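Here's the letter readout for the chains.
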Amino acid sequence: ADFGTPAVCSDTQVTLTIDGREVSVPAGTSVMRAAKECGGAIPSLCATDSVKAFGSCRLCLVEIDGRRGTPASCTTPAEQGMVVHTQTPRLAKLRKGVMELYISDHPLDCLTCSANNDCELQDTAAEVGLRDVRYGYDGETHLGAATDSSNPYFDFDPAKCIVCSRCVRACDEVQGTFALSVDGRGFASAVSAGQAGDTFLSSECVSCGACVQACPTASLQEKAVKEIGLPERAVITTCAYCGVGCT
Ligand code: FES
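Residues numbered from 1 in each chain as written. Predicted model: local features only at pLDDT ≥ 70, side-chain atom pairs only at ≥ 80, totals over all residues. Heavy atoms only, no water.

### Quick notes on the packing of aromatic side chains
The condition that has to hold: Side-chain rings of Phe, Tyr and Trp, where Trp is taken by its six-membered ring, are said to pair if the distance between their centres is within 6.5 Å; with planes under 30 degrees apart they count as stacked, over 60 as edge-to-face, and otherwise as tilted. Helix and strand definitions follow DSSP, with helices as H or I runs of at least four residues and strands as E runs of at least two, each counted in order from the N terminus. Accessible area is worked out with a 1.4 Å probe on protein chains only. A residue is then buried under 20% of its type maximum, exposed over 50%, and partly exposed in between.
Throughout the structure, instances matching the rule amount to two aromatic pairs. Ring centres of Phe154 and Phe200 lie 5.3 Å apart, and the angle between their planes is 85°; this geometry places the pair in the edge-to-face category. Linking Phe154 in strand β5 (residues 154-156) with Phe200 in the loop between β7 (190-193) and α5 (210-214), this pair joins segments that are 46 residues apart in sequence. In terms of burial, Phe154 and Phe200 fall into one category: buried. Connected via pairs of aromatic rings, a cluster forms that spans Phe154, Phe156 and Phe200.

### Observations concerning helix α4 (residues 166-175)
Note the threshold: Between two residues, a contact is recorded if the distance between any of their heavy atoms is within 4.5 Å.
Within α4, seven of the 10 residues are buried, which leaves it mostly tucked inside the rest of the structure. The set of residues buried in α4 consists of Arg166, Cys167, Val168, Arg169, Ala170, Cys171 and Gln175. Against α3 (120-127), β6 (180-183), β7, α5 and β8 (220-222) lie the buried residues of α4. One or two steps after α4, the chain reaches Gly176, where phi turns positive at roughly 70°.

### Focus: α3
One turn of the α-helix equals 3.6 residues, which is why residues spaced by three or four share an orientation. Applied cut-off: The directions considered for the arc are those from the helix axis to the C-beta atoms.
When we look at burial in α3, the residues that qualify are Leu121, Thr124 and Ala125. When α3 is viewed along its axis, its buried side chains cluster within an angular range of 105° and face the same direction. Where α3 is buried, its residues touch α2 (89-104). Immediately beyond the C-terminal end of α3, within one or two residues, lies Gly129, with a positive phi of roughly 80°.

### Details of the pattern of salt bridges
We count it as follows: Each reported salt bridge corresponds to a side-chain nitrogen of Lys or Arg within 4 Å of a carboxyl oxygen of Asp or Glu.
Throughout the structure, instances matching the rule amount to nine salt bridges. As a salt-bridge pair, Arg33 and Glu37 come within 3.7 Å of each other at their nearest N and O atoms. Residue Arg33 and its partner Glu37 are located together in helix α1 (residues 31-37), separated by four residues, close to a single helical turn. We classify Glu37 as partly exposed; its relative accessible area is 41%. For Arg90, the salt bridge is made with Glu63, and the minimal N-O distance between the two is 3.7 Å. A residue pair is termed long-range when its members are at least 10 positions apart, and Arg90 in helix α2 and Glu63 in strand β3 (residues 63-64) qualify at 27 residues. Owing to a relative accessible area of 45%, Arg90 belongs among the partly exposed residues under this scheme. Connected through shared salt-bridge partners, Arg33, Glu37 and Asp49 make up one network.

Take a look at the structure:
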């Protein structure tokens, strides 16, 4: 199971209440992980078990008694006596609004996309109950940004990137290559490999696949999946070269 953020080791346990359920976790554990430990489901796009929480997608918002605002559960550490609510009408409205903005900047080609039915963006839209999007996708954001097919094993399609930075963090934290970064701001922000003008092939990328593994959409996808479809079964292997775990 994916608990959203990496496990924490601590000799101290803290006990908190999440949606009426009491749970004890090592001090320093995120509220998101604590919620999942006791069976709660908090939508998320930028958090994973393998990279440090980043707090960028704003889907995992929660309400905490005695605190103002709606903090991101992935970057909020669990505290002794905390009372957390993960499912309220206010949170449902906020999450739907955030998701609507993501979809408004994403191609609506799910039915013909190679990641159809294996896409976290698609799953999360369904999870938050998004049915209609008020803001039409105009394709302007990454107009002219062609798919980078230079790597022999995978392609990078900037139009499908939601800039969650999972690939960048996986490259840094899992592989230690530091080949990727996010350039620009706002709608113009985009993942890039190396310096301006570099492609994945000409960058420092070592083709380990950590970024592809981390991508929640079809932005970074193996060529084989695009050409022949998703494998019927996956076998995870690890080797001494890196800790990614190839599938
Ligand atoms: Fe917490 Fe993205 S999962 S902000």
